[in-house]
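Okay, here's what each chain looks like letter by letter:
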Amino acid sequence: MKKKCFFSMLAMALTIIFSSLLLTACNDEKEPDVPSGRDELSNTSWKLVSISGWGASDSADWKGEIFAFGPDGSVTEEYAGGGSEKGTYTLTDGKIKFDGINGWTNTWGSNFSYVISGDTMVLTDNLGSMGSTFNFTKL
C-alpha cells in the first residue's frame with residue numbers, strides 16, 4: 001500500500017512539474033518589445049544636399065530639406081524655407097514608400113529605391129528615363 005501511495009504521489013508531482021514546464025514554454029511567446037528603432041531610418045534625420053536627373057533644375061527649392069524619421073514609421077519633412085509636412089514611410093526590399101508627404105508623392109511618386117552608406121543616403125525614384133537621384137547627409 002505504501003508503494004502504491006508513493007508512486008501515485010511521484011506520478012502526480014511529475015505531472016505537475018511537466019505541466020508547469022509545458023505551460024511556461026507556451027507562454028514564452030510574449031509580445032515583442034518595441035525596439036528604439038524599428039528599422040535603419042528610425043530616429044534619424046537626413047538633409048537633402050543635391051538632386052540630379054529630372055527636377056534637378058528645381059533643386060534650389062528642395063535643397064536643405066530635412067527628413068526626420070520617427071521610431072514608429074512616422075516622417076516629418078521640414079522645408080528649407082520653414083514649415084513642415086508629416087506623413088509615414090515603409091521600407092520593403094530596398095525601397096521606401098512615403099505616404100502623406102505630398103510634394104514627394106505628387107512630384108516623383110511615392111516609391112523610391114534607397115541605399116544608405118555611412119552618413120549618406122541616396123534615394124532614386126522609379127520613373128525610369130525621367131528618374132531623379134536625391135542625395136542626403138545624416139544629421
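Shown above is the structure to which this text applies.
Residues numbered from 1 in each chain as written. Predicted model: local features only at pLDDT ≥ 70, side-chain atom pairs only at ≥ 80, totals over all residues. Heavy atoms only, no water.

K.L.:
How do you make sense of the sheet that holds strand β2 (residues 66-69) when you look at a structure like this?
P.N.:
Pairing is antiparallel in the closed barrel, where 8 strands are placed in the order β1-β2-β3-β4-β5-β6-β7-β8. On average, adjacent strands in this sheet sit at an angle of 35° to one another, irrespective of strand direction. Both strand β7 (residues 120-125) and strand β8 (residues 132-138) contribute to a ladder of 5 bridges, which runs antiparallel. Of the residues in β8, the one forming a bridge with Thr124 is Thr133. (Pairing = 2+ DSSP bridges. Helix = DSSP H or I, 4+ residues; strand = E, 2+ residues; numbered from the N terminus. Axes fitted to C-alpha atoms, helices over the stretch in contact; angles between N-to-C directions.)

K.L.:
Can you help me understand the side chain of Asp125 in this one?
P.N.:
With respect to the secondary-structure elements, Asp125 resides in strand β7. Although Asp125 lies buried, it forms no salt bridge, and the closest oppositely charged side chain, Lys95, sits 10 Å away as judged by the N-O distance. Reaching out from Asp125, the side chain makes a polar contact with the backbone nitrogen of Ser132 at a distance of 3.1 Å. (Buried < 20%, exposed > 50% of the residue type's maximum accessible area, 1.4 Å probe, protein only. Lys, Arg positive; Asp, Glu negative; His and termini not counted. Salt bridge = Lys/Arg side-chain N within 4 Å of Asp/Glu carboxyl O. Polar contact = N/O pair within 3.5 Å; in protein donor to acceptor, adjacent residues only side chain to side chain.)

K.L.:
Please clarify how the packing of aromatic side chains should be interpreted in this entry.
P.N.:
Two measures describe an aromatic ring pair: the distance that separates the ring centres and the angle between the ring planes. Enumeration according to the criterion identifies 6 aromatic pairs in this entry. When the ring of Phe67 is compared with that of Phe69, the centres are 6.2 Å apart and the planes differ by 40°; the resulting orientation is tilted. Both residues of the pair, Phe67 and Phe69, count as buried. Linked through ring pairs, Phe67, Phe69, Tyr89, Phe98, Phe112, Phe134 and Phe136 together constitute an aromatic cluster. (Phe/Tyr/Trp six-rings, centres within 6.5 Å; stacked < 30°, edge-to-face > 60°.)

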